[in-house]
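The lines below spell out each chain.
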Amino acid sequence: MGNEAVFRTSLVSLAAIMVVTGLYTQSLKKMGATYLFGMLAIGGVVLPDWKFFDRPVSQWCTLVAGVADGPSQSAPPRFKLYPVRLVIYTAFYGFGLYKWWKFVR
C-alpha cells in the first residue's frame, strides 16, 4: 500500500511540474517532453522491484533467492547504497535531466 501512495504522489508532482512547464514555455511539445521524462524517471525509481535491484550490480543477472513475504516484513527494506548503481543512476538521470533542460530552455 505504501508503494501506491508514493506512486500517486509522484504522478501528482509530475502533473504539477507539467503545468508549470506549460505555463512557462506555452508549448505542448515541451509539456509532452516533460511528461515523457517524468514518466521514465518515475518508472526507473519508484516502480522497480527493489528486492531484485537492492543487490550489487554484478548479481542483477541472477535470480533472487526466494524470500517469503510474510507479515513480519511489513516495513520496506533499507535502501543500500552501492557505488556502481549510484553511478549508473546518476549518469542516466543526470543526462536525461540535462537534455530535458536544454529542450525546455
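Report follows, based on the coordinates. By convention here, each chain's residues receive numbers from 1 onward along its written sequence. This being a predicted model, a pLDDT of at least 70 is required before a residue's local features are given, and a value of 80 or more before pairs of side-chain atoms are given or counted; all residues contribute to the totals for chains, interfaces and linings. Note: side-chain values were computed over all heavy atoms of the structure, leaving out hydrogens and water.

Overview of the overall build of the chain
Okay, so step 1: Helix and strand definitions follow DSSP, with helices as H or I runs of at least four residues and strands as E runs of at least two, each counted in order from the N terminus. Each helix and strand in the chain was counted, giving four helices and zero strands.
Okay, so step 2: Contacts are residue-level and defined by heavy atoms, with any inter-residue pair within 4.5 Å sufficient. Contacts in the chain between residues at least 24 apart in sequence constitute 68% of all its contacts with a sequence separation of at least 6.
Okay, so step 3: Total accessible area on the chain is roughly 8100 Å²; 71% of this is exposed by carbon and sulfur atoms. Accessible surface is estimated by sampling points in the Shrake-Rupley manner with a 1.4 Å probe; for residues, cover comes only from the protein chains shown.

A few points about unusual backbone geometry
Most of the time, phi is negative for any residue but glycine, and the peptide bond is trans.
Okay, so step 1: At Gln 26, a position not held by glycine, the phi torsion is positive, near 50°.
Okay, so step 2: With respect to the secondary-structure elements, Gln 26 resides in the loop between α1 (2–25) and α2 (28–45).
Okay, so step 3: Gln 26 gets classed as exposed once you look at its relative accessible area, which sits at 70%. For the exposure calls, accessible area comes from a 1.4 Å probe over protein chains only, and a residue counts as buried if that area is under 20% of its type's maximum, exposed if over 50%, partly exposed in between.

Observations concerning the environment of Pro 56
Okay, so step 1: Along the chain, Pro 56 falls in the loop between α3 (50–53) and α4 (83–104).
Okay, so step 2: The exposure class assigned to Pro 56 is partly exposed, which follows from its relative accessible area of 28%.
Okay, so step 3: As a C-alpha pair, Pro 56 and Val 84 span 28 residues in sequence and 8.0 Å in three-dimensional space.

Describing the packing of α2 against α4
Okay, so step 1: Structural elements are reduced to axes, namely lines fitted to C-alpha atoms, with helices fitted over the stretch in contact, and the angle between N-to-C directions of any two is expressed from 0 to 180 degrees. Orientation of α2 relative to α4, taken along the N-to-C sense of each, is 170°, at an axis distance of 10 Å. The angle between α2 and α4 falls in the class roughly antiparallel. Here α2 contributes Lys 29, Lys 30, Ala 33, Thr 34, Phe 37, Leu 40, Ala 41, Gly 44 and Val 45 to the contact with α4, which in turn contributes Tyr 89, Tyr 93, Gly 96, Leu 97, Trp 100, Phe 103 and Val 104.
Okay, so step 2: Amino acid classes used here: Ala, Val, Leu, Ile, Met, Phe, Trp, Tyr, Cys and Pro are nonpolar; Asp, Glu, Lys and Arg are charged; the rest, including Gly, are polar. Its residues assigned to classes, the contact of α2 with α4 comprises eleven nonpolar, three polar and two charged. Each angle is binned into one of four classes, with values under 35 degrees roughly parallel, values over 145 roughly antiparallel, values of 65 to 115 roughly perpendicular, and all other values oblique.

Here's the deal with α2
Okay, so step 1: Here the expected length of a helix is defined as 1.5 Å per residue gap, with one fewer gap than residues. In a regular helix each residue adds 1.5 Å, so 18 residues correspond to 26 Å; α2 covers 25 Å between its end C-alpha atoms and thus fits that length.
Okay, so step 2: Residues Lys 30, Thr 34, Gly 38, Ile 42 and Gly 44 constitute the buried set of α2. Projected down its long axis, α2 shows its buried positions confined to an angular sector of 165°, all on one face. Projecting away from the buried face of α2 at angles above 90 degrees are the exposed residues Leu 28, Lys 29, Leu 36 and Leu 40.
Okay, so step 3: At the N-terminal boundary of α2, the capping side chain belongs to Ser 27, with an oxygen 3.4 Å from the backbone nitrogen of Lys 29. Comment: arc refers to directions from the helix axis out to C-beta atoms. Here a polar contact is recorded for every N or O atom pair within 3.5 Å, except that within protein the pair must consist of a potential hydrogen donor and a potential acceptor, and residues adjacent in sequence are included only if both atoms are side-chain atoms.

Brief notes about the side chain of Ser 10
Okay, so step 1: Along the chain, Ser 10 falls in helix α1.
Okay, so step 2: The class of Ser 10 is buried, set by a relative accessible area of 18%.
Okay, so step 3: Here Ser 10 is in contact with Ile 42 and Val 46, once residues within four sequence places are set aside.

Some thoughts on α4
Okay, so step 1: Its 22 residues place the ends of α4 31 Å apart at the C-alpha level, agreeing with the 32 Å of an ideal helix rising 1.5 Å per residue.
Okay, so step 2: Along α4, the positions that sit buried rather than exposed are Arg 85, Tyr 93, Gly 96, Trp 100 and Val 104. Looking straight down α4, one finds that the buried residues subtend no more than 80° of arc, so they occupy a single side. When the buried face of α4 is taken as reference, the exposed residues oriented beyond 90 degrees from it are Pro 83, Val 87, Thr 90, Phe 95 and Lys 102.

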